[in-house]
Amino acid sequence: MDNVISNGIMGQVIPYTDVTVSRLIFAVIILIAGFISVKILVYIFRRGMQKTKLPELTIQFLANFLSILLYVIVFLIFLKSLNFDVDSFVVGLSAIIGLVLGLGMQDTFTNITAGIWVAAIRPVDTGEVVTVNGQTGKIKSVSIMSTELLTPDNQLITIPNKLVWGSSIVNMTRMPTRRVSVDVGISYSSDLEKAIRFALELTKGHPLVLPDPEPAVVTTELASSSVNLQVRAWTNTDDFWGVKNDLTAGIFEAYRREGIEIPFPQMDVHMKETKE
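Residues numbered from 1 in each chain as written. Predicted model: local features only at pLDDT ≥ 70, side-chain atom pairs only at ≥ 80, totals over all residues. Heavy atoms only, no water.

**Description of the packing of aromatic side chains**
Describing an aromatic ring pair means giving the distance of the ring centres and the angle of the ring planes.
So, step 1. Across all of its chains, the model carries four aromatic pairs by this definition.
So, step 2. Taken together, a centroid distance of 5.2 Å and an interplanar angle of 90 degrees make the contact between F35 and Y71 edge-to-face. Separated by 36 residues along the polypeptide, F35 in helix α2 (residues 21-50) and Y71 in helix α3 (residues 56-81) bring together distant segments of the chain.
So, step 3. Given a relative accessible area of 25%, Y71 falls into the partly exposed group.
So, step 4. Over the face of the ring belonging to F240 we find R178, whose NZ or CZ atom lies 3.9 Å from the ring centre. (Phe/Tyr/Trp six-rings, centres within 6.5 Å; stacked < 30°, edge-to-face > 60°. Helix = DSSP H or I, 4+ residues; strand = E, 2+ residues; numbered from the N terminus. Buried < 20%, exposed > 50% of the residue type's maximum accessible area, 1.4 Å probe, protein only. Lys NZ or Arg CZ within 6 Å of the ring centre and 35° of its normal.)

Following this line, the structure appears as structure tokens:
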């Protein structure tokens, strides 16, 4: 009796459809198994690609692309298991895509193409600090449609790939070394030679400053109220901000200790007394 009831329930047709309960359960099982299989396949693909010499950015892009492709295939299999006409669905989807293109939605495909070029040419890579389209941050990921930047104050910025590929990119961490520049102004009454000597000694004595290229202090401008100097020193890219902070604070302390004046903008106001 239980088998008869069970078979009767499983054989019932869901209202307004031609799908039986048993077929729906079978299709749901296929869908769940397909999603799990996609996760496993993408994981295996990523692990295999990591053993190659491909950069992490390219591996991430390819894994995302494979994941989307497999999910589409699983969804089509799910529809097929429900007796849907998948061939007609694919033809209809193609027509929709053509309609979307006709309505001026080419940006989607432009972003996909730009994402492929970014992953292939690699003007940016995961973990690098860059300035793209006026935004500065660390590259978090490059997906099919967009690139994600993480700012120093932990804001996530999403930039369409077409803007990444179509704009100038300043990569701050690609090169192994960088030049630190510290600008400082001294008053016209201060000893210029002494100021240059102290700044140069401080820079050469810093343990993270590279000896080659040799540090230098140059006069950059005779401004309205100051003689402007620039301290130039090379260091490893990872040490850039630490060295810049040390040199800035060190020069300030050295100049104050040695009586070298660092001027600040001043305004003289003359008041004239008039009789009523």
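Now that the structure has been shown, the text picks up again.
**Topic: the sheet that holds strand β2 (residues 135-142)**
So, step 1. In space, the five strands of this open sheet follow the order β4-β3-β2-β1-β5, with antiparallel pairing throughout. Among the strands making up the open sheet, the edge pair consists of β4 (156-160) and β5 (169-171). On average, each strand axis in the sheet is tilted by 40 degrees relative to the strand beside it, whichever way the strands run.
So, step 2. Sheet analysis places strand β3 (residues 146-150) next to β4, joined by five bridges and oriented antiparallel. Residue pairing for β4: T147 is matched across the bridge by I159. (Pairing = 2+ DSSP bridges. Axes fitted to C-alpha atoms, helices over the stretch in contact; angles between N-to-C directions.)

**Regarding the packing of helix α7 (residues 192-204) against helix α8 (residues 240-258)**
So, step 1. Between α7 and α8, whose axes approach to 10 Å, the crossing angle comes to 140 degrees. Regarding the angle of α7 to α8, the classification is oblique. Pair α7 / α8 crosses with right-handed handedness. When α7 is examined against α8, the residues K194, A195, I196, F198, A199, L202 and T203 are found in contact with a partner set consisting of L247, G250, I251, Y255 and E258.
So, step 2. The residue makeup of the contact of α7 with α8, split by class, is eight nonpolar, two polar and two charged. (Parallel < 35°, antiparallel > 145°, perpendicular 65-115°, else oblique. Left-handed = near helix turned anticlockwise from the far one by under 90°. Contact = heavy atoms within 4.5 Å. Nonpolar A, V, L, I, M, F, W, Y, C, P; charged D, E, K, R; others polar.)

**Some thoughts on the confidence of the model for the protein chain**
So, step 1. Looking at the protein chain as a whole, its pLDDT mean stands at 84, while 83% of the residues score no less than 70.
So, step 2. By mean pLDDT, the top-scoring element of the protein chain is strand β8 (residues 227-236) (96), and the lowest-scoring one is helix α1 (residues 2-10) (53).
So, step 3. Taken together, the stretch residues 1-6 has pLDDT below 50 and engages in zero contacts with residues farther than four places along the chain or on a different chain. (pLDDT = per-residue confidence, 0-100.)

**A few points about the pattern of salt bridges**
So, step 1. One pass over the structure, following the stated rule, counts six salt bridges.
So, step 2. The partner of K204 in a salt bridge is E214, and the shortest N-O contact between them spans 3.1 Å. Note that K204 is positioned in helix α7 and E214 in the loop between α7 and β7 (216-222), a separation of 10 residues in sequence.
So, step 3. The class of K204 is partly exposed, set by a relative accessible area of 45%.
So, step 4. We note a salt bridge from R257 to E258, for which the minimum N-O separation is 3.9 Å. (Salt bridge = Lys/Arg side-chain N within 4 Å of Asp/Glu carboxyl O.)

**With respect to the nonpolar core**
So, step 1. Of all hydrophobic cores here, the largest spans 19 residues; its most connected members are I186, L229, I251 and Y255.
So, step 2. Per element, the largest residue contribution to this core is five residues, and it comes from α8.
So, step 3. Excluding residues that lie within four positions of it along the chain, I186 makes contacts with D191, L192, A195, S226, V227, L229, Y255, I260, E261 and P263. (Core = buried A, V, L, I, M, F, W, Y, C linked by side-chain atoms within 4.5 Å.)

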